Amino acid sequence: MPERPQDADVIAMTRAWVARFVVARNICPFAGREVRRDTIRHALVRGDDPQVMLHALVDECRRLDAEPAIDTTLMILPDGMSDFEDYLDLLNVAEALLEAEGYAGIYQLASFHPEYVFAGAPAEDPANYTNRSPWPMWHLLRETSVEAAVAAYPDPESIPERNVDALREAGHAALAEEWAACRAVRADE
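> Just checking my understanding: could you explain the side chain of E143 for this structure?
Its place among the elements puts E143 in helix α5 (residues 143–152). In this structure, E143 is in contact with G105, I106, Y107 and Q108, ignoring residues within four places of it in sequence.

> Any chance you could explain the sheet that holds strand β2 (residues 72–76) here in plain terms?
In any sheet, the strands associate via hydrogen bonds between backbone groups, in a parallel or an antiparallel arrangement. Reading across the sheet, the 4 strands line up as β1-β2-β4-β3 and stay open at both edges, with mixed pairing between neighbours. This sheet does not close on itself; its edge strands, each paired only once, are β1 (40–44) and β3 (107–112). Pairs of neighbouring strands in the sheet enclose a mean axial angle of 20°, with direction left out of account. When β3 meets strand β4 (residues 137–142), the two strands line up antiparallel, connected through 6 bridges. Looking across to β4, one finds that S111 is bridged to W138. Helix α4 (residues 84–100) rests against β3 and β4 of the sheet, and its axis sits at about 175° to β3.

> I would appreciate a short explanation of the packing of aromatic side chains in the present structure.
How two aromatic rings sit relative to each other is given by the distance of their centres and the angle of their planes. Using the criterion set out here, one finds 7 aromatic pairs in the structure. Taking 6.3 Å as the distance between ring centres and 15° as the angle between the ring planes, the aromatic pair formed by F84 and Y87 counts as stacked. Taken together, the residues span about one helical turn, with F84 and Y87 both in helix α4 at a distance of 3 residues. The same class applies to F84 as to Y87, namely buried. Stacked on the ring of W135, the Lys or Arg R183 has its end atom at 3.8 Å from the ring centre.

> Honestly, unusual backbone geometry in this entry has me stumped. Any pointers?
Excluding glycine, residues mostly have negative phi values, and the peptide bonds linking residues are mostly trans. In this structure, D38 is a non-glycine residue whose phi angle is positive, near 55°. Counting through the fold element by element, D38 comes out in the loop between α2 (31–37) and β1. One non-glycine residue, D155, adopts positive backbone phi at about 60°. In this structure, D155 sits in the loop between α5 and α6 (159–170).

> Got a minute to help me understand a negative patch on the surface in this structure?
Among the surface-exposed residues, D83, E85, D86 and D89 lie close enough to one another that they form a single negatively charged patch. Mapped onto the elements, D86 comes out in helix α4. Judged by its relative accessible area of 41%, D86 is partly exposed.

> Is there a simple way to think about helix α1 (residues 7–23) in this case?
An α-helical turn contains 3.6 residues, so any two residues separated by three or four positions project in the same direction. Helix length check: α1, at 17 residues, gives a terminal C-alpha distance of 23 Å against a target of 24 Å (1.5 Å per residue), a fit within 8%. The sharpest bend along α1 measures roughly 25° and falls at W17. Every buried residue of α1 is listed here: D9, V10, A12, M13, T14, A16, W17, V18, F21 and V22.

> In this structure, what is going on with the nonpolar core? I would like to understand it.
One broad trend across soluble globular proteins is that nonpolar side chains are buried collectively. Core analysis: the biggest nonpolar cluster contains 26 residues, and M53, L57, M75, L98, L109, W138 and L140 have the highest contact counts within it. For L98, the residues in contact, after removing those within four places along its chain, are L57, C61, Y103, A104, Y107, L109 and L140. One finds A12, W17, F112 and W135 within the second-largest nonpolar core, a separate group that totals 22 residues.

> In this structure, what is going on with the layout of surface pockets? I would like to understand it.
Over the atoms rolls a probe the size of a water molecule, and its path tells where empty space is left. Space inside the largest pocket adds up to approximately 1,000 Å³. If you go around the largest pocket, you meet 34 residues; those closest to its centre are C28, P29, F30, H139 and L141. Elements with a contribution of two residues or more to the lining of the largest pocket: α1, α2, β2, β3, β4, α5 and α6. If you tally residues by element for the lining of the largest pocket, the top one is α5, at 5 residues. Residues that form the lining of the largest pocket fall into these classes: 22 nonpolar, 7 polar and 5 charged.

The rules behind these values
Residues numbered from 1 in each chain as written. Predicted model: local features only at pLDDT ≥ 70, side-chain atom pairs only at ≥ 80, totals over all residues. Heavy atoms only, no water. Helix = DSSP H or I, 4+ residues; strand = E, 2+ residues; numbered from the N terminus. Contact = heavy atoms within 4.5 Å. Pairing = 2+ DSSP bridges. Axes fitted to C-alpha atoms, helices over the stretch in contact; angles between N-to-C directions. Phe/Tyr/Trp six-rings, centres within 6.5 Å; stacked < 30°, edge-to-face > 60°. Buried < 20%, exposed > 50% of the residue type's maximum accessible area, 1.4 Å probe, protein only. Lys NZ or Arg CZ within 6 Å of the ring centre and 35° of its normal. Patch = residues over 30% accessible without salt bridge, like charges linked within 9 Å, V, L, I, M, F, W, Y side chains within 5 Å. Areas by Shrake-Rupley, 256 points an atom, 1.4 Å probe, with all protein chains shown as cover. Salt bridge = Lys/Arg side-chain N within 4 Å of Asp/Glu carboxyl O. Lys, Arg positive; Asp, Glu negative; His and termini not counted. Charge placed at Lys NZ, Arg CZ, Asp CG, Glu CD. Expected span 1.5 Å × (residues − 1). Bend = angle between axes of the 7 residues up to and from the residue. Core = buried A, V, L, I, M, F, W, Y, C linked by side-chain atoms within 4.5 Å. 1 Å grid on protein atoms, 1.4 Å probe; cavity = no way out; pocket = protein on both sides within 12 Å on 5 of 7 lines; lining within 4 Å. Points joined across faces, edges and corners; volume = space filled by probe spheres on them. Nonpolar A, V, L, I, M, F, W, Y, C, P; charged D, E, K, R; others polar.

Below, the structure is given as structure tokens:
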């Protein structure tokens, strides 16, 4: 069994992925600003109990309610969600929970997973890397921030197609290598 990574290493890998992959490849044209402003919170949720993860999601919404300086949270779920189908099942429950708790329209969830595959796409399709991350995670975003960013961006509808084209041009092998390099980062580096 592989050694369980230290919490600081998990966060370092996630930060490296955001900076070296998401921002560097402009996967999300809004991420660079938040990295520079240091408004991304990294919340590590340990354990493989889905109920613990769901409680952490609600707690994180409450934190965002109380701390408006935090623009967005990456909730990193390194334990127990390695199976992509299990992850998707829990994501559906998490989205329903946000609605039940009155957070629909206030926060939204974006999903990332190391084995992310879009419906109908082959696993090797480089386009899947738009949602592949070093660890399973939920990206909790303030709806008002998303709306403001999209309103200020020329032609936001073109972002997904642009990403697909750019990632397919880069190719699966190159992307897998970049992605793996992010998983190799350690906090003490």
